[in-house]
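Next come the chains, spelled out residue by residue.
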Amino acid sequence: MDLKENYLPNEHRYDDAALYARCGRSGVLLPRISLGFWHNFGAVDPYQRSRDITHYAFDNGITHFDLANNYGPPYGTAEETMGRLMHDDFRPYRDELFISTKAGYDMWPGPYGNWGSRKYLMASLDQSLRRMNLEYVDLFYSHRLDPLTPLEETLQTLVDVVRQGKALYVGISNWPLEQLMVGEQYLREHDVPLLIYQGRLNMIDRKPVETGILDFCRKMGVGFIAFSPLAQGLLTDRYLNGIPADSRMARGRTLTDDRLTPQVLDLVSALRDNARASGRSTAEQALRWVLEHDGVTSVLVGASSVAQLADNMKCVQNP
Ligand SMILES: NC(=O)c1ccc[n+]([C@@H]2O[C@H](COP(=O)([O-])OP(=O)(O)OC[C@H]3O[C@@H](n4cnc5c(N)ncnc54)[C@H](OP(=O)(O)O)[C@@H]3O)[C@@H](O)[C@H]2O)c1
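Residues numbered from 1 in each chain as written. Predicted model: local features only at pLDDT ≥ 70, side-chain atom pairs only at ≥ 80, totals over all residues.

Visitor: Honestly, the overall build of the protein in this entry has me stumped. Any pointers?
Guide: Helices and strands together make up the secondary structure of the protein, namely eleven helices and ten strands. On C-alpha atoms alone, the protein measures out to a radius of gyration of 19 Å, which is about the 20 Å that the 2.2 N^0.38 rule sets for 319 residues. In terms of overall dimensions, the protein has a C-alpha envelope of 50 × 50 × 40 Å along the principal axes. Across the 319 residues that make up the protein, the buried fraction comes to 45%. (Helix = DSSP H or I, 4+ residues; strand = E, 2+ residues; numbered from the N terminus. Rg over C-alpha atoms; globule rule 2.2 N^0.38 Å. Buried ≥ 20, exposed ≤ 12 C-beta atoms within 10 Å, placed from the backbone.)

Visitor: Just checking my understanding: could you explain the site of the ligand for this structure?
Guide: Around the ligand, the surrounding shell holds 30 residues, and the nearest of these are Gly36, Trp38, Phe227, Gly233 and Gly302. Mapped onto the shell around the ligand, the elements with two or more residues apiece are strand S10 (298-301) and helix H11 (306-317). By residue number, the principal contributor to the shell around the ligand is H11, which donates three residues. Class assignment of the residues belonging to the shell around the ligand gives a composition of ten nonpolar, 16 polar and four charged. (Near = placed C-beta within 6 Å. Nonpolar A, V, L, I, M, F, W, Y, C, P; charged D, E, K, R; others polar.)

Visitor: Before we go on, may I ask you to explain the pairing of strand S5 (residues 98-103) in this structure?
Guide: Working note: regular strand, side chains alternate between the two faces of the sheet. Counting buried residues along S5, six of its six residues qualify, which places the element largely inside the surrounding structure. Taking every second residue as pointing to the same face, both faces of S5 are buried, with Phe98, Ser100 and Lys102 on one and Ile99, Thr101 and Ala103 on the other. Across three bridges, strand S4 (residues 64-66) lies against S5 in parallel orientation. Paired with phenylalanine 65 across the bridge in S5 is isoleucine 99. Where the polypeptide runs from S4 across helix H2 (residues 77-90) and back to S5, its parallel neighbour, the crossover connection is right-handed. Where S5 meets strand S6 (residues 137-142), four bridges bridge the pair, whose relative direction is parallel. By the bridge assignment, threonine 101 is partnered in S6 with phenylalanine 140. (Pairing = 2+ DSSP bridges. Right-handed = clockwise from strand over helix to strand, strands pointing away.)

Visitor: What is the right way to look at the nonpolar core in this model?
Guide: Note that soluble globular proteins tend to have their nonpolar side chains buried in a common cluster. Leu139, Phe140, Val170 and Ala226 are the most contacted members of the largest nonpolar core, which has 80 residues in total. Not counting the four nearest positions on each side in its chain, phenylalanine 140 is found in contact with Thr101, Leu125, Leu158, Val161, Ala167 and Val170. (Core = buried A, V, L, I, M, F, W, Y, C linked by C-beta atoms within 7 Å. Contact = placed C-beta atoms within 7 Å.)

Visitor: Could you clarify how one ought to interpret unusual backbone geometry in this entry?
Guide: With an omega of -5 degrees, the peptide bond running from glycine 72 to proline 73 counts as cis. With respect to the helices and strands, the residue proline 73 is situated in the loop between S4 and H2. Cis geometry marks the peptide bond from proline 73 to proline 74; its omega dihedral reads -15 degrees. One can find proline 74 in the loop between S4 and H2.

Visitor: Would you explain the sheet that holds S5 in this entry?
Guide: Sheet strands associate in pairs through backbone hydrogen bonding, adopting either a parallel or an antiparallel arrangement. Read once around its circumference, the closed barrel built from eight strands follows the order S3-S4-S5-S6-S7-S8-S9-S10, with strand pairing classed as parallel. Put simply, the sheet's adjacent strands are angled 30 degrees from each other on average, direction ignored. Note that S6 and strand S7 (residues 167-173) share five bridges and pair parallel. Along S7, the bridge assignment pairs serine 142 with isoleucine 172. The strands touched by helix H5 (residues 177-189) within the sheet are S7 and strand S8 (194-200), with S8 carrying the most contacts at an inclination of about 160 degrees. (Axes fitted to C-alpha atoms, helices over the stretch in contact; angles between N-to-C directions.)

Visitor: Is there a simple way to think about the packing of helix H9 (residues 262-277) against helix H10 (residues 282-291) in this case?
Guide: Between two packed helices, both the angle of their axes relative to each other and the distance between the axes serve to describe the pair. Two numbers describe how H9 lies on H10: the axes approach to 8 Å, and their chain directions differ by 100 degrees. Judged by the inter-axis angle, H9 sits roughly perpendicular to H10. Contacts between H9 and H10 involve Val268, Leu271, Arg272, Asn274 and Ala275 from the former and Thr282, Glu284, Gln285 and Ala286 from the latter. By residue class, the composition of the contact of H9 with H10 is four nonpolar, three polar and two charged. (Parallel < 35°, antiparallel > 145°, perpendicular 65-115°, else oblique.)

Visitor: Teacher, can you tell me more about helix H4 (residues 151-163) here?
Guide: Taking 1.5 Å of rise per residue, the 13 residues of H4 would be expected to cover 18 Å, and the 18 Å separating its terminal C-alpha atoms lies within 8% of that figure. If you check which residues of H4 are buried, you get Thr154, Leu155, Thr157, Leu158 and Val161. Down the axis of H4, the sector holding all buried residues measures 150 degrees, keeping them to one side. On the buried face of H4, the contacting elements are helix H3 (118-132), S6, S7 and H5. A positive backbone phi angle near 80 degrees is found at glycine 165, which sits one or two residues after H4. (Expected span 1.5 Å × (residues − 1). Arc of directions from axis to C-beta.)

So, in structure tokens, the structure goes:
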């Protein structure tokens, strides 16, 4: 069935200039809230729902979509959804979109489908471009540190994908501070400055603050984008009255019920009460907490419905 119908974006999508923040010391402005494709965009998810979420995002000025080779499930299918969206809706708006992808986790069998070798990263990016129906990505990340591959091999590959025109900028995700420092220097000295670091930051997991990574990024003019800012949904009303059947936790993939401790439930109840007192939603309040950190460029949210994304957008829309 061809779902194609003419998508005409909201002509007021860029009216709120305050939605955008400069990404470190670069020419790039990113929306303060970005949309992630980790869940809800795979082959197992209804295409029309994915499509509605991206339309809502773009109609409201969210120009940054974040992907990785292994998002789905199955692996690769979130990028295929992005490719279908490009074909159906977004091709005329390619230059208005900032699309990222990553490689670093297991993607295909054998010794060349994982970690940080040049062999893997080059092949993976080529595959990602084909799946997404793109000639280049705006941003390509090393998804995690490979402790066994020389850092220089991974970093030179990041430099080379930019030289080849397959990515405009590069990023690093999940690397510890020590290796991040080496990477930042290497990339700067090879004229491909590190655009952004992607790390988990939310009210439950504050590692980038505690380890000094956020501070380092701020000082060096590297942007910081916070993934799982809602702790995969824990920092919302979603689990305050049990585990809903359609929730990420019930689907049992990356969020397990042992995360629902009395401490977490107490934290979320207090967050909800505090949010209500200021006329805000729980999710909105949790996202504001992340955005208030100096050096955070954007919060990278997931959403399984337009209503969730609309709720999350309040963190940048409400005064
Ligand atoms: N670099 C990395 O290693 C890495 C790792 C993880 C994620 N990421 C990136 O970060 C993105 C976001 O991660 P995430 O999906 O974990 O983010 P998140 O925003 O913390 O969690 C998203 C989930 O929370 C629930 N939710 C969202 N808004 C809600 C609301 N207003 N009210 C109630 N529930 C709400 C939904 O769960 P339900 O499905 O239950 O509705 C949604 O799927 C990913 O898509 C990916 O792009 C990167």
